Amino acid sequence: MEFKKYDHSVQEKEIYKLWEKKDLFKPIRNKSKKIFSIVIPPPNVTGRLHMGHALNNSLQDVLVRYYRMNGHETLWQPGTDHAGIATQAIVEKNLAKNNINKNDIGRDEFIKKVWEWKTESGGLILEQLKKLGCSCDWSRSRFTMDDDMSKAVTKVFIALFNNKLIYKDKKLVNWDTKLKTAISDLEVIQNEVQSQLFYIKYPIINSDDFITIATTRPETMMGDTAVAVNPKDKRYKNLVGEYVNIPIVDRKIKIIKDAYADPEQGTGAVKITPAHDFNDYAVGKRNKLEIINIFEKDGKINNNGIKSYIGLDRFEARKKIIEELKNLNFLDKIETIKNKVPYGDRSNTIIEPLLTEQWFVDAKKLAKKPIEIVKKNKTTFFPENWSNTFFQWMNNIEPWCISRQIWWGHRIPIWYGNNGKIFAAENKKAADKLAKKFYKKKKYTLTQETDVLDTWFSSALWPFTTLGWPEKTQQLKKFYPTSVLVTGFDIIFFWVARMLMMGNYFLKDSPFKKVYVHALVRDEKGQKMSKSKGNVIDPLELINEYGADPLRFTLISMASPGRDVKLSKDRVVGYRNFITKLSNANNFLKLNKCSYQKNIDIKKIKLKINQWIYAEFKKTTDLVNTYLEDFRFDEASRVIYNFVWRSYCDWYLEFLKPIFNSDSKHAKKEVIVFSSYMFMNILKLLHPFIPFFTEFMWKENRFDKSFKSSLIVANWPKPSKNSKFSKSLNEIESLIEIITAIRSTKVQLNIPPKEYCDIIYFKESKKIKVIINNYLNIVKQVGRVNNIKQKTVSANNLIQIIVLNEKVGIKFQTKIDLISQKSVLVNKQNEISEKIDVLINKLNNQNYIKKAPKDIVLNDKKLLNDLKIEQIKLKSIVSSII
């Protein structure tokens, strides 16, 4: 009887519908009162599933399914982020197709258009997460612009404003000249490009000499307010305090000393333009320099520029100023260099540092509590080294610019009255009330702030606003703080740190107890995926081709701490083959009429192969529990994979064949029931990793009828300890070693695997003799052995091998030219010796031991041990060939 074929393209949809129909993603109350909660890093509402999403959400789903099966009341809170700039850009682009400009229809009408787009297209990313198998409670899905979420954002802003933690100031920000808004550092991409470095001569006043500066942005000369040199640079020591004249601009500025100037870079003299460079801005602040902004918000030269340049685009101005510098002999030389240039991730235009009036959060004050919390290990990072990165950023944190000059987003709840008076209020009615109280009987007008809040502002409130805050809901009481946050390292500063600030400020508790930080998914060569390189691997294409399970298992198994995932399609194919192996195992059980029975008493299990596989299963389950609780997803995957592939499929099922072919009714009866019982537990172990296939198998084997539940809510395995099984564990491992030795000897001598052989005992073959006699039928059938004899006289084609630290002989039926094989084996010995020498030198290098990742060092030690064992085995074979 063949098992029903699994077709992922059909079964994944059916299984997911079943889970949703039965409401199996919702928190299930339990007597233990154990809670596990986690919030999804909300993807942009404009987003499409990429490999980073696939890794992040696969890891979260492993944890959610694991704790759900372990009896925790589990909430995985989903939702999407309104993605202010990205969403507005899409809607503007759609309107432009119909020759409509947002300014023509006005703010209110434009916002309606955005909501229409969101209703039609905004849920795509969530549907794609479902394809991955994510078991979020979709009934609780939130959107950062939902009414109650928006009210919470307003409440937070007003509270921070009233407590003087939000203020308005004129500072340098990342400015997108195309979108005409400030943007965050995360929305800036540093692209390496080929640029021109211009060496320009600035004449020293009252001298025939000049000082040469190097710049890639000569148009910003119009905003220069100093030239800086390093205090330790002897070349310019006598020039400090002198004045130079800016060429063409015809304005004098001072030569100052500042450590920012690097004697090794360019000429060592740096033009300082505080209004258009972040480093220069800091120099300007330190030295109390004038700040001259020369750009309009669209990147054109403003009235502070040279008269003939006013209205020119910044790059047109660059061309013109270089031409003039050449003509007036102020241009010394031009070099071609490679440097990093900031681009907006949405507009793909060069970002301009621009001095503008913006709203800021006093992040320095808000950072104090999170720093203390992490120092006291009340919130911990995994891997631990990320806490150092967290401290480095938090201890040097700058004011957080929270205003954006766009329409889509949370409009800043500020109203401006007469004479610049500012009122923070949740709506116009509340602002009027404040204004009447302030102005008393005087007339006033109120105008609302046009800017919206940075998207990260509302995202920072995500762990508690999604649970109903500021209302004191049952969900908030039960699920806050959350158990863990799973996130990429690139948003530790932008999101993780800010959630810690807001959670500790408003709820007096950290939003999560643990933070697991995963690495990037790269291509198989370790290159970052990008459209320009053509190396992007689309997770949806892999899901369509191979199914969600192989992709999930691949990503999870490669999620090693601190190491990027190097993904290739071949790896996904490998894990699809693993699922095929499981399917074949199930077919084998069905063919032999194996069936599950309830209430198996482990203590009554008599067959040693059953005792062995159970002991292996317990060992595996214990390790998986430890690894998942320590976020070692890679190790958990490895031990499950090895147990299923090696122990269960390769050995246990092979050992069953002689029993099925025997006349022992008792043995058959026990393995028919127990093999199915173990397969049922394997499905449980694998479910968090490959949920679709395991749920399908669970249903087809009618385990759902036996347990009256779907696998997703079945109990996690809790194997009992049985000390009697340890003897069986050792015996079966010895049996495996004997059969493996026979097989590997065939490989070494190029003998076909199907070839039968005789085993010849020596006097010292005591342990081997016991094992073979105890498992004679298995050795003969699985090891392909004909006869077992005691050595009396020398025999042709006899090879001596070492197994279990004892000698035993193998005699092959077919005549083999052992002399010609000997030279091949000697060459292998030499190769192994060379590898051993390399590894010994490597492991004797203390610098390598200190700096290399621990798992790499352990792998090297294991490899060295394996090679030494292989060397001993080869030596035994070679020495027996005369």
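This section reports on the structure supplied with the text. As the structure is a prediction and not an experimental result, all values here were calculated from the model. (Residues numbered from 1 in each chain as written. Predicted model: local features only at pLDDT ≥ 70, side-chain atom pairs only at ≥ 80, totals over all residues. Heavy atoms only, no water.)

1. Concerning the overall build of the protein chain
A count of helical and extended segments in the protein chain gives 30 helices and 29 strands. Taking the principal axes of its C-alpha atoms as reference, the protein chain extends roughly 110 × 65 × 55 Å. Considering only contacts in the protein chain between residues 6 or more positions apart, those separated by 24 or more positions represent 78%. Surface summary for the protein chain: the accessible area is close to 43,000 Å², and the carbon and sulfur share equals 48%. Across the protein chain, the 148 positively charged side chains and the 98 negatively charged ones have centroids separated by 7 Å. (Helix = DSSP H or I, 4+ residues; strand = E, 2+ residues; numbered from the N terminus. Contact = heavy atoms within 4.5 Å. Areas by Shrake-Rupley, 256 points an atom, 1.4 Å probe, with all protein chains shown as cover. Lys, Arg positive; Asp, Glu negative; His and termini not counted. Charge placed at Lys NZ, Arg CZ, Asp CG, Glu CD.)

2. Considering the sheet that holds strand E19 (residues 422–424)
With antiparallel pairing, three strands are arranged side by side in an open sheet as E19-E18-E20. Each edge of the open sheet is held by one strand with a lone partner, namely E19 and strand E20 (447–448). Where helix H12 (residues 428–439) meets the sheet, it contacts strand E18 (414–416) and E19, and its direction lies at approximately 135° from that of E19. (Pairing = 2+ DSSP bridges. Axes fitted to C-alpha atoms, helices over the stretch in contact; angles between N-to-C directions.)

3. Observations regarding a positive patch on the surface
Taken together, the side chains of Lys4, Lys21, Lys22, Lys699, Arg702 and Lys705 make up a positively charged region of the molecular surface. Counting through the fold element by element, Lys21 comes out in helix H1 (residues 8–21). (Patch = residues over 30% accessible without salt bridge, like charges linked within 9 Å, V, L, I, M, F, W, Y side chains within 5 Å. Salt bridge = Lys/Arg side-chain N within 4 Å of Asp/Glu carboxyl O.)

4. A word on empty space enclosed by the protein
Throughout the structure, instances matching the rule amount to six cavities of 30 Å³ or more. Put simply, the largest cavity is a space of about 80 Å³. Forming the boundary of the largest cavity are Ala741, Ser744, Thr745, Gln748, Ile801, Ile802, Glu870, Lys873, Leu874 and Ile877. Looking at the lining of the largest cavity, the elements that each hand over two or more residues are helix H25 (725–748), strand E28 (798–803) and helix H30 (854–880). Broken down by class, the residue content of the lining of the largest cavity amounts to five nonpolar, three polar and two charged. (1 Å grid on protein atoms, 1.4 Å probe; cavity = no way out; pocket = protein on both sides within 12 Å on 5 of 7 lines; lining within 4 Å. Points joined across faces, edges and corners; volume = space filled by probe spheres on them. Nonpolar A, V, L, I, M, F, W, Y, C, P; charged D, E, K, R; others polar.)

5. Quick word on the packing of H25 against helix H26 (residues 766–774)
The geometry of H25 relative to H26 is characterised by a closest axis approach of 10 Å and an angle of 100° between their N-to-C directions. When the axis of H25 is compared with that of H26, the two are roughly perpendicular. Contacts between H25 and H26 involve Glu731, Ser734, Leu735 and Ile738 from the former and Lys767, Ile768, Ile771, Ile772 and Asn774 from the latter. Considering only residue class, the contact of H25 with H26 consists of five nonpolar, two polar and two charged. (Parallel < 35°, antiparallel > 145°, perpendicular 65-115°, else oblique.)

6. A short note on unusual backbone geometry
Note that the residue after Trp469, namely Pro470, is joined by a cis bond; omega there is 15°. Cis geometry is found at the peptide bond from Tyr480 to Pro481, where omega equals 0°. Checked against the element boundaries, Pro481 lands in the loop between helix H15 (474–479) and strand E22 (482–488). Of note in the backbone geometry, Ile248 takes a positive phi value of approximately 70° without being a glycine. On the accessibility criterion, Ile248 (21% relative accessible area) is partly exposed. (Buried < 20%, exposed > 50% of the residue type's maximum accessible area, 1.4 Å probe, protein only.)

7. Considerations on the nonpolar core
Phe157, Phe457, Met502, Phe633, Tyr648 and Phe655 are the most contacted members of the largest nonpolar core, which totals 210 residues. For this core, the leading source of residues is helix H21 (residues 633–660), giving 15 residues. Excluding anything up to four places from it in sequence, Phe157 contacts Ile166, Trp359, Ile402, Ile412, Pro413, Ile414, Leu453 and Phe457. Of all hydrophobic cores here, the second largest spans 34 residues; its members include Val173, Ile200, Val249 and Leu331. (Core = buried A, V, L, I, M, F, W, Y, C linked by side-chain atoms within 4.5 Å.)

8. A look at the pairing of strand E11 (residues 252–257)
Note: strand E9 (residues 226–229) against E11, four bridges, orientation parallel. Of the residues in E11, the one forming a bridge with Val229 is Lys257. Of the strand pairs in this sheet, strand E10 (residues 243–245) and E11 are connected by three bridges, and their pairing is antiparallel. By the bridge assignment, Asn245 is partnered in E11 with Lys252.

9. Points about the side chain of Thr154
Mapped onto the elements of the fold, Thr154 is located in helix H7 (residues 147–162). Residues contacting Thr154, with those up to four places away along its chain left out, are Pro413 and Glu426.

10. A closer look at the pattern of salt bridges
All told, the structure shown has 37 salt bridges when counted by the stated rule. Measuring nitrogen to oxygen at the nearest pair gives 2.9 Å for the salt bridge that ties Arg632 to Asp634. For Asp634, a relative accessible area of 6% corresponds to the buried category. Two residues, Arg632 and Glu635, come together in a salt bridge whose shortest N-O distance is 3.8 Å. A relative accessible area of 23% places Arg632 in the partly exposed class. Three or more residues joined by partner-sharing salt bridges are found here, namely Arg632, Asp634, Glu635 and Arg638.

11. Structural notes on the environment of Leu804
By the element assignment, Leu804 lies in the loop between E28 and strand E29 (806–812). In this structure Leu804 comes out as buried when scored by relative accessible area, which is 12%.

12. Remarks on the packing of helix H22 (residues 665–686) against helix H23 (residues 691–700)
Relative placement of two packed helices is described by the angle separating their axes and the distance separating the axes. The N-to-C vectors of H22 and H23 enclose an angle of 150°; their axes lie 9 Å apart at closest approach. In terms of axis orientation, H22 runs roughly antiparallel to H23. Seen from above, H22 lies across H23 with left-handed handedness. Contacts from Phe679, Met680, Leu683, Lys684 and Leu686 in H22 reach Thr694, Met697 and Trp698 in H23. (Left-handed = near helix turned anticlockwise from the far one by under 90°.)

13. Quick look at the side chain of Ser184
Inspection of the secondary structure assignment puts Ser184 in the loop between strand E6 (181–183) and strand E7 (188–203). A relative accessible area of 7% means that Ser184 is categorised as buried. With residues near it in sequence (within four places) discarded, Ser184 still touches Asn174, Arg404 and Trp456.

14. A word on helix H16 (residues 492–506)
Helix length check: H16, at 15 residues, gives a terminal C-alpha distance of 20 Å against a target of 21 Å (1.5 Å per residue), a fit within 8%. In terms of burial, H16 is largely enclosed, as 13 of its 15 residues are buried. One or two positions beyond H16, positive phi appears at Lys508, with a value near 55°. (Expected span 1.5 Å × (residues − 1).)

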